[in-house]
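Spelled out, the chains give:
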Amino acid sequence: MSAARTEVEQWDVVDVSMELHSPGNPFDVRPRAEFRLDGSHGGRTRHEVEGFYDGDGVYRVRFMPEEVGTWAYRVTGPDGAPLAAGAFDCVPASGDNHGPVRVRDERRFGYADGTPYRPFGTTCYAWAHQPLGTQERTLAALGNASFNKLRMCVFPKNYAFNAAEPTRFPFERHDDGTFDHTRPDPVFYRHLEAQVVALQRLGIECDLILFHPYDKGRWGFDRMDAEADERYLRYTLARLAAYRNVWWSLANEYDFMREKTMDDWDRAFATVARYDPYGHLASIHNGTRMYEPASLALYDHHRPWVSHVSLQHWDVQQMRQWRSEWSKPVVVDECGYEGDLPFRWGDLTAEAVVDTFWTGVVLGGYVSHGETYLRDGDAPIWWAQGGDLVGESPARIAFLRQVVESLPDDVAPLDDDRRHSAPTLGIEGSVYLQYFGRHRPAYRVVELPDDTDFSVEVIDTWTMTSTPAPGTYRGPSRVELPGTPGIAVLARAAE
């Protein structure tokens, strides 16, 4: 970006580049920039942003303007010497640009412009490390699905059914196979950024996993020291924080990384909070040690730098308890995957996954998808490598999303078990979405107000059909049901 004034959309990326000769390790040089918006009433918005080395003698500073107006910027080197200066006009966002996702209250998310956002996510941990053809198929599959969040890793995976050697890594590699943690690989990061942008164009939030335990000493990324962790985090944030669709997941199954302590995770969170000037969503995801004694308890999700709760747990019936415990939005990012792998977490039926999604959502939370079908030959497995979606749950998750997004934005779980005999999402006196799970009732009595007429639909979550019940209903109402599992009832007050 030159010093000439340029127009940039709100929540889009300003990229200021400059050439600079620096003796020694060029990654040790971090330009700093001040972006300033002068308000019409004497107010002033000011952000400081750290830059990064992008290879070939080029340094960059990236910035996401969150307010409309004329911004001025000034870039300086570590010694305070001026490197670049200029200005740009930030114009209102357009089209599908709603800004970054924020936490609205203890249950809900929403885009920065006020548009509601409900996460319906999926998982492709190492898709960006696969051959380009597989990555293109992954993006095509996502474009045909309804997922609006994707969990993915920065580091490659060394795990069951996913042990191929990537072509590039986040750090430069020596001839002996070791890595120089003081020298990130700009080529790797440019590709990662391109895939983050590709997700953004599909309307998908990128839940970026910064650390994970699936290395097992092969590359050593799971056991870097504190200094290397900090350098890696600062470089990653400098490059990626300006993209509006980024979330930070500090780790996947953090409690399996035995070399890290709670102090290490506190320090990592503090680094993210310090060097992300936009306050992107940040969480940390547990493994199964949460089932062990209290001495191995979960990370403290009450901490102010944790925006929402990201859990691994198979029983979403506990959603009400989790919401009450942390008073933050709860996303069960791993409840088990639809597939046929020989592991307890990877052999769920599609019916079980769909039931988990409906249960978790109606109880006031959110659930993420994954798919683990072992296919012929070397076909990629979605949960790790992406490729093609072949399961039966994605279409039914899309149907659930359609149903939920047809409801008013302020629907909430109605936790009064004495009044509602099944998990219910709604607004008292206006709308009720009740889900009966794996039960197979021939009918249910739905408690409705005595003074309002309601229309009722019987929803089959598996066949993805909605059948209007005859007539209107008020007061305690018997609703005939088909006697099959996976049935919901949606009652809406008459206009």
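Figured I'd write up the structure that's included with this text. (Residues numbered from 1 in each chain as written. Predicted model: local features only at pLDDT ≥ 70, side-chain atom pairs only at ≥ 80, totals over all residues. Heavy atoms only, no water.)

What follows deals with the sheet that holds strand β10 (residues 109–111). Within a sheet, neighbouring strands are paired by backbone hydrogen bonds and run either parallel or antiparallel to one another. In spatial order, the strands read β9-β10-β11; together these three strands make up an open sheet with antiparallel pairing. Strand pairing shows two members of the sheet lacking a second neighbour, β9 (101–103) and β11 (116–117), which therefore form its edges. When β10 meets β11, the two strands line up antiparallel, connected through two bridges. Bridging from a neighbouring strand, G110 pairs with P116 of β11. (Pairing = 2+ DSSP bridges. Helix = DSSP H or I, 4+ residues; strand = E, 2+ residues; numbered from the N terminus.)

Okay, the pairing of strand β16 (residues 205–209) next. Of all five residues in β16, five are buried; the element is thus mostly enclosed. Residues E205, D207 and I209 point to one face of β16 and C206 and L208 to the other, with burial holding for every one of them. Bridging between strand β13 (residues 149–153) and β16 involves five bridges; their strand directions are parallel. What sits directly across from M152, in β16, is L208. Sheet analysis places β16 next to strand β17 (residues 246–249), joined by four bridges and oriented parallel. (Buried < 20%, exposed > 50% of the residue type's maximum accessible area, 1.4 Å probe, protein only.)

Moving on, we come to the environment of W71. Within the secondary structure, W71 is located in strand β7 (residues 69–76). For the pair formed by W71 and A85, sequence separation is 14 residues and the distance between their alpha carbons is 11 Å. In contact with W71, other than residues within four places in its own chain, are F35, R36, L37, T45, H47, F63, P65, E66, G86, A87, F88 and C90. Separated by 3.0 Å, the side chain of W71 and the backbone oxygen of E67 make a polar contact. (Contact = heavy atoms within 4.5 Å. Polar contact = N/O pair within 3.5 Å; in protein donor to acceptor, adjacent residues only side chain to side chain.)

A word on the sheet that holds strand β18 (residues 282–283). If you trace the five strands from one edge of the open sheet to the other, you get β12-β13-β16-β17-β18, paired in parallel fashion. Across the chains shown, the open sheet's two edge strands, defined by having one partner strand only, are β12 (121–123) and β18. The pairing of β17 with β18 spans two bridges and is classified as parallel. Paired with S249 across the bridge in β18 is S283.

Moving on to the pattern of salt bridges. In the structure shown here, the tally under the stated rule is 44 salt bridges. Where R30 meets E50, a salt bridge forms, and the shortest distance between an N and an O atom there is 4.0 Å. Placement of the pair is R30 in the loop between β2 (14–19) and β3 (32–38) and E50 in strand β4 (residues 44–50), with a sequence separation of 20 residues. For E50, a relative accessible area of 9% translates into the label buried. The salt bridge partner of R267 is D264, with a shortest N-O separation of 2.2 Å. With R267 and D264 both in helix α4 (residues 262–275), this residue pair falls three residues apart, about one helical turn. For R267, a relative accessible area of 37% translates into the label partly exposed. Each of the salt bridges in this network shares a partner with another, and the network as a whole consists of R30, R32, E34, R36, R46, E48, E50 and R234. (Salt bridge = Lys/Arg side-chain N within 4 Å of Asp/Glu carboxyl O.)

Next up on the list: the packing of helix α1 (residues 132–144) against helix α2 (residues 186–201). Between α1 and α2, whose axes approach to 11 Å, the crossing angle comes to 20°. Judged on the interaxial angle alone, α2 and α1 are roughly parallel. When you trace α1 past α2, the crossing you get is right-handed. For the pair α1 and α2, contact is made by L132, Q135, L139 and L142 and by H191, Q195, A198 and L199, respectively. When its residues are assigned to classes, the contact of α1 with α2 shows five nonpolar, three polar and no charged. (Axes fitted to C-alpha atoms, helices over the stretch in contact; angles between N-to-C directions. Parallel < 35°, antiparallel > 145°, perpendicular 65-115°, else oblique. Left-handed = near helix turned anticlockwise from the far one by under 90°. Nonpolar A, V, L, I, M, F, W, Y, C, P; charged D, E, K, R; others polar.)

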